[in-house]
Amino acid sequence: ALVPHRTPEQSATMTRCHAEITRFINETLEDRRRNPRDDLFTDMVKLQENGANVTDLEVMTNLRGFLAAGVLTTADLISSGLRLFLQHPDQRELLLAQPQLIGGAVEEVLRMDPVAEMVPRIASRDIEIAGCPVAKGKTMALMVRSANHDPEAFPDPDRFDITRKGTPNLAFGGGSHICPGAP
């Protein structure tokens, strides 16, 4: 219903895939209860066994989120990087000549084209942002791309520069809300 151009076949495929992912996660959790391993599924099972107040639905929701986010964001980052290096052959040549710049190159791709365009936040107290009051409990939509292109934080913000130093990008958030995929 939220995607008006989705065909009935696409909806059926989505429903089937959702059921298959749910089945996979449930079977894997049951297996890890019997045969623990050094993985996220076992960590979630151990949380429950050690008394954490985490329901099966919460475990399922988090594992589904990690699975989707890990695949989609990685594919998006790779695609964005390829596009940016094709559009900026000077930066591609620089990286080929100095492969030790790969860390900065990944950070700059994330800054230029973050995999999450917007992140929701709820104000924990009454605050003011750039002169605009936000009441405690109100939802805010933080625009990551906009923040990563702020000229006050990033000199010449629309320039793709794999040697950029200074302000870290906000593609993964920060503090207690840092994306678990950041490492």
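The sections below set out a description of the structure shown in this document. (Residues numbered from 1 in each chain as written. Predicted model: local features only at pLDDT ≥ 70, side-chain atom pairs only at ≥ 80, totals over all residues. Heavy atoms only, no water.)

### Considerations on the overall build of the protein chain
Quick reminder of the rule: A run of H or I in DSSP counts as a helix once it spans at least four residues, and a run of E counts as a strand once it spans at least two, with each numbered from the N terminus. For each residue, the accessible area found with a 1.4 Å probe, counting protein chains only, is set against the maximum for its type, and the residue is called buried under 20%, exposed over 50%, and partly exposed in between. Pairs of residues are marked as contacts when any of their non-hydrogen atoms sit within 4.5 Å. In this description, accessible areas are obtained by the Shrake-Rupley approach with a 1.4 Å probe, and a residue is regarded as covered only by the protein chains that are shown. Charge assignment: positive for Lys and Arg, negative for Asp and Glu; neither His nor the chain ends contribute. The location of each charge is read from NZ of Lys, CZ of Arg, CG of Asp or CD of Glu.
Per the secondary structure count, the protein chain includes six helices and four strands. Secondary structure elements in the protein chain, listed N-terminal to C-terminal, are α-α-α-α-α-β-β-β-β-α. Residue burial in the protein chain is summarised as follows: out of 183 residues, 23% are buried. Partitioning the intrachain contacts of the protein chain with sequence separation of at least 6 by distance along the chain shows that 48% fall at a separation of at least 24. For the protein chain, the accessible area works out to roughly 12,500 Å², and carbon and sulfur atoms hold 61% of it. In the protein chain, 20 side chains carry a positive charge and 25 a negative one; their mean positions are 3 Å apart.

### Describing the packing of helix 3 (residues 56-87) against helix 4 (residues 89-97)
For any two helices packed against each other, one specifies the crossing angle of their axes together with the interaxial distance. Put simply, the rule reads: To obtain each axis, a line is fitted to C-alpha atoms, and for helices this fit is confined to the stretch in contact; angles are then taken between N-to-C directions over 0 to 180 degrees. Here roughly perpendicular refers to angles of 65 to 115 degrees, roughly parallel to angles under 35, roughly antiparallel to angles over 145, and oblique to all remaining angles. Amino acid classes used here: Ala, Val, Leu, Ile, Met, Phe, Trp, Tyr, Cys and Pro are nonpolar; Asp, Glu, Lys and Arg are charged; the rest, including Gly, are polar.
Between helix 3 and helix 4, the shortest axis-to-axis distance is 5 Å and the interhelical angle comes to 105°. For the element pair helix 3 / helix 4, the angle class is roughly perpendicular. Of the residues in helix 4, those in contact with Phe 85, Leu 86 and Gln 87 of helix 3 are Pro 89, Gln 91, Arg 92 and Leu 95. Within the contact of helix 3 with helix 4, the residues separate by chemical class into four nonpolar, two polar and one charged.

### Details of the packing of aromatic side chains
We count it as follows: Aromatic rings from Phe, Tyr and Trp, taking only the six-membered ring of Trp, are treated as a pair when their centres fall within 6.5 Å; an angle between ring planes under 30 degrees marks them as stacked, one over 60 as edge-to-face, and anything in between as tilted.
Using the criterion set out here, one finds two aromatic pairs in the structure. Residues Phe 24 and Phe 41 carry aromatic rings whose centres are separated by 6.0 Å and whose planes lie at 90° to one another, so their mutual orientation is edge-to-face. One end of the pair, Phe 24, is in helix 1 (residues 8-34); the other, Phe 41, is in helix 2 (residues 40-49), with 17 residues separating them in the sequence. Relative to Phe 160, the ring of Phe 85 lies with its centre 5.2 Å away and its plane at 75°, an arrangement referred to as edge-to-face.

### Points about the nonpolar core
Defined as follows: By nonpolar core we mean a set of buried residues, namely Ala, Val, Leu, Ile, Met, Phe, Trp, Tyr and Cys, connected to one another through side-chain atoms within 4.5 Å.
Within the largest apolar cluster, nine residues are counted, these being Leu 84, Phe 85, Leu 95, Leu 101, Ala 105, Val 109, Met 112, Phe 160 and Ile 162. Elements with a contribution of two residues or more to this core: helix 3 and helix 5 (102-112). Broken down by element, the residue count for this core peaks at three residues, all from helix 5. Among residues more than four places away in sequence, those in contact with Val 109 are Leu 77, Ser 80, Gly 81, Leu 84, Phe 85, Pro 114 and Phe 160. Within the second largest apolar cluster, eight residues are counted, among which are Ile 25, Leu 29, Met 44 and Met 60.

### Some remarks on the packing of helix 3 against helix 5
Contact pair helix 3 / helix 5: the axes reach a minimum separation of 10 Å and the direction vectors enclose 95°. The angle between helix 3 and helix 5 falls in the class roughly perpendicular. Between helix 3 and helix 5, the contacting residues are Leu 77, Ser 80, Gly 81, Leu 84 and Phe 85 on the first element and Ala 105, Val 106, Val 109, Leu 110 and Met 112 on the second. Split by residue class, the contact of helix 3 with helix 5 holds eight nonpolar, two polar and no charged.

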